[in-house]
Amino acid sequence: MALAEDRLIDEPGFRMSEATAGDFFALLKPRVMSLVVFTAFVGMVAAPVTINPLLAVIAILAIAIGAGASGALNMWYDADIDAVMTRTAGRPVPAGRIRPGEALSFGLVLSVLSVMTLGVLVNWLAASLLAFTIFFYAVIYTMWLKRWTPQNIVIGGAAGAIPPVIGWAAVTGSVSLESLVLFLVIFLWTPPHFWALALFKSEDYAKAGIPMMPNVAGQASTRRQIFAYALVLAPVGVLPWVLGFTTPVYGIVALLLGAGFVWYAWKVLQMADDDDRAMKPAKALFGYSLLYLFAIFAAYLGDCVVERALTIGGA
């Protein structure tokens, strides 16, 4: 309870905020936000009906603001552990550029704004999914799972996987199997992506007391689980073609990308605990995983756009 109270208490007396616009932008976790926006946009384009362009822009902006709100709330609550990790010590709250209360207020205001905008101007199913995503990431993952279980990123990964479903729902007002397959791709991608990071940042997580998989189960177990997830992710990435949602072109691209993911995961599996202190295979997998997710969604997007253009042209 004391920890939660400390987060809400700023310095006594009134003082003007010294934060810059760049500091508040950093609170939004722009790199994470960009991935959320991109996958949500793919979900919108993949939907079988079209949406008014203005409403599409509003939906994307609302989803982006909601993602940013999640990031701000995460940085508010995690300021104590961010301060002791080299990867996160420079963030605005632990670095002292933004006060905890400012970050909390900023995140809450953006959360309400994004959900209400999406609900009133687009539809309430998409808004409800966005509200659930913000709550799941900020409360279930950040405040509970992250500090409690090594399965934190497995369960918490659901929050990052929902954006394409929100995008689909914004256009159609419904959820479909196709959007759920896109959800599944991100959901299965998340553990090996973050566990690769955790392998070469395990000391950071240990200092912060976060029970990431390498710190709890050991590196060998983590490497095996990364490889197991890669073996499942690779065929799931091809599933949209198998189910008839895309053309064989996407299927071939997804197959090659999945094979690459398995190969990089295999290199991680072959690592010896003491033989590679530089963690080069883990770093390589982490980098490739980012490329994989962007590329497979870009392939899905391109396939949808081209197929739709050919259909209209042949009509």
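Residues numbered from 1 in each chain as written. Predicted model: local features only at pLDDT ≥ 70, side-chain atom pairs only at ≥ 80, totals over all residues. Heavy atoms only, no water.

Undergrad: It is not clear to me how the layout of surface pockets should be interpreted in this structure. Could you clarify?
TA: Empty space among the atoms becomes apparent when a probe as large as a water molecule is rolled across them. Within this model, the largest pocket holds a volume of roughly 1,300 Å³. Lining of the largest pocket is provided by 48 residues; of these, K29, R31, V32, Y137 and F194 occupy positions nearest its centre. Within the residue set of the lining of the largest pocket, elements represented by two or more residues are α3 (30-46), α4 (53-77), α7 (124-148), α8 (152-161), α9 (163-172), α10 (177-200) and α15 (280-314). Ranked by the residues each element gives to the lining of the largest pocket, the list is headed by α3, at eight residues. Taken as a whole, the second largest pocket holds about 160 Å³ of empty space. F41, M44, V45, V49, T50, I51, P53, A56, V171 and R308 together form the lining of the second largest pocket. (1 Å grid on protein atoms, 1.4 Å probe; cavity = no way out; pocket = protein on both sides within 12 Å on 5 of 7 lines; lining within 4 Å. Points joined across faces, edges and corners; volume = space filled by probe spheres on them. Helix = DSSP H or I, 4+ residues; strand = E, 2+ residues; numbered from the N terminus.)

Undergrad: Can you walk me through the packing of aromatic side chains in this structure?
TA: Describing an aromatic ring pair means giving the distance of the ring centres and the angle of the ring planes. Evaluation of the coordinates by the stated rule reveals 15 aromatic pairs. Ring plane angle 65 degrees and centroid distance 5.1 Å describe the contact between F24 and F106, whose orientation is recorded as edge-to-face. Here F24, found in helix α2 (residues 21-27), pairs with F106, found in helix α6 (residues 100-121); they are 82 residues apart in sequence, far enough to count as distant. When its relative accessible area of 22% is taken as the criterion, F24 is described as partly exposed. Seen from the ring of F200, K283 lies directly overhead, with NZ or CZ sitting 5.8 Å from the centre. (Phe/Tyr/Trp six-rings, centres within 6.5 Å; stacked < 30°, edge-to-face > 60°. Buried < 20%, exposed > 50% of the residue type's maximum accessible area, 1.4 Å probe, protein only. Lys NZ or Arg CZ within 6 Å of the ring centre and 35° of its normal.)

Undergrad: Is there a simple way to explain the nonpolar core in this structure?
TA: Side chains of nonpolar character tend, in soluble globular proteins, to be buried together. One finds L118, I166, W195, F261, Y292, I296 and F297 to be the most contacted residues of the largest nonpolar core, which totals 99 residues. Looking at this core, the element that brings in the most residues is α4, giving 14 residues. Those residues within four positions of F297 in sequence are excluded, and the remaining contacts are F38, T39, V42, P164, L182, V185 and I186. (Core = buried A, V, L, I, M, F, W, Y, C linked by side-chain atoms within 4.5 Å. Contact = heavy atoms within 4.5 Å.)

Undergrad: I would appreciate a short explanation of the packing of α9 against α10 in the present structure.
TA: Packed helices, taken two at a time, are described by their axes: the angle between them and the distance between them. α10 packs onto α9 with a crossing angle of 160 degrees between their chain directions and a minimal axis gap of 8 Å. Taken together, the axes of α9 and α10 lie roughly antiparallel to each other. In terms of crossing hand, the pair formed by α9 and α10 is right-handed. Mapping the contact onto sequence places P164, V165 and W168 in α9 and E178, S179, L182, F183 and I186 in α10. Partitioning the contact of α9 with α10 into residue classes produces six nonpolar, one polar and one charged. (Axes fitted to C-alpha atoms, helices over the stretch in contact; angles between N-to-C directions. Parallel < 35°, antiparallel > 145°, perpendicular 65-115°, else oblique. Left-handed = near helix turned anticlockwise from the far one by under 90°. Nonpolar A, V, L, I, M, F, W, Y, C, P; charged D, E, K, R; others polar.)

Undergrad: I would appreciate a short explanation of the side chain of N123 in the present structure.
TA: The topology assignment puts N123 in the loop between α6 and α7. In this structure the side chain of N123 is engaged in a polar contact, spanning 2.8 Å, whose partner is the backbone nitrogen of A126. Those residues in contact with N123, other than ones at most four positions away along the chain, are L118, A169, A170 and G173. (Polar contact = N/O pair within 3.5 Å; in protein donor to acceptor, adjacent residues only side chain to side chain.)

Undergrad: It is not clear to me how α10 should be interpreted in this structure. Could you clarify?
TA: Residues that lie three or four places apart on an α-helix share one face, since the helix turns once every 3.6 residues. Taking 1.5 Å of rise per residue, the 24 residues of α10 would be expected to cover 34 Å, and the 36 Å separating its terminal C-alpha atoms lies within 8% of that figure. Along its length, α10 reaches its greatest deviation from straightness, about 30 degrees, at T190, and the proline P191 lies no more than four positions downstream. In terms of burial, α10 is a largely internal element, 17 of the 24 residues being buried. N-cap assignment for α10: the residue whose side-chain oxygen lies 3.3 Å from the backbone N of E178 is S176. (Expected span 1.5 Å × (residues − 1). Bend = angle between axes of the 7 residues up to and from the residue.)

Undergrad: I keep staring at the environment of R91 and nothing clicks. Help me out?
TA: Here R91 shows up in the loop between α5 (79-82) and α6. Spatially, the C-alpha atoms of R91 and I210 are 18 Å apart, while their sequence positions differ by 119 residues. In this structure R91 touches K29, N74, M75, D82 and R97, once residues within four positions along its chain are discounted.

Undergrad: Honestly, the pattern of salt bridges in this entry has me stumped. Any pointers?
TA: As a working rule, side chains carrying opposite charge can pair if their charged atoms are close by. Across all of its chains, the model carries seven salt bridges by this definition. The residue R97 makes a salt bridge to D23 at a minimum N-O spacing of 2.7 Å. Residue R97 is found in the loop between α5 and α6, and its partner D23 is found in helix α2; the two are separated by 74 residues along the sequence. Across the salt bridge formed by E102 and R99, the nearest N and O atoms sit 3.0 Å from each other. Take E102 and R99: they sit in the same class, and that class is buried. Within the structure, one salt-bridge network assembled from shared partners comprises D78, D80, K146 and R147. (Salt bridge = Lys/Arg side-chain N within 4 Å of Asp/Glu carboxyl O.)

Undergrad: Just checking my understanding: could you explain α6 for this structure?
TA: Taking 1.5 Å of rise per residue, 22 residues should cover 32 Å, and α6 covers 31 Å from first to last C-alpha, within 8% of that figure. Buried within α6 are the following residues: G101, E102, A103, L104, G107, L110, S111, S114, V115, L118 and G119.

Undergrad: What should I look at first to understand the environment of D78 in this one?
TA: Mapping D78 onto the fold places it in the loop between α4 and α5. Separated by 41 residues in the primary sequence, D78 and G119 have C-alpha atoms spaced 29 Å apart. A distance of 3.0 Å separates a polar atom in the side chain of D78 from a polar atom in the side chain of R147.

Undergrad: Help me understand a nonpolar patch on the surface in this model?
TA: A cluster of nonpolar side chains, namely L125, V175, L177, L180, W241, V242 and L243, defines an oily patch on the protein surface of about 610 Å² accessible area. Looking at the nonpolar patch, the elements with two or more residues in it are α10 and α13 (219-242). Examined against the element boundaries, L177 turns out to sit in helix α10. Using a relative accessible area of 53% as the deciding quantity, one classes L177 as exposed. (Patch = residues over 30% accessible without salt bridge, like charges linked within 9 Å, V, L, I, M, F, W, Y side chains within 5 Å. Areas by Shrake-Rupley, 256 points an atom, 1.4 Å probe, with all protein chains shown as cover.)

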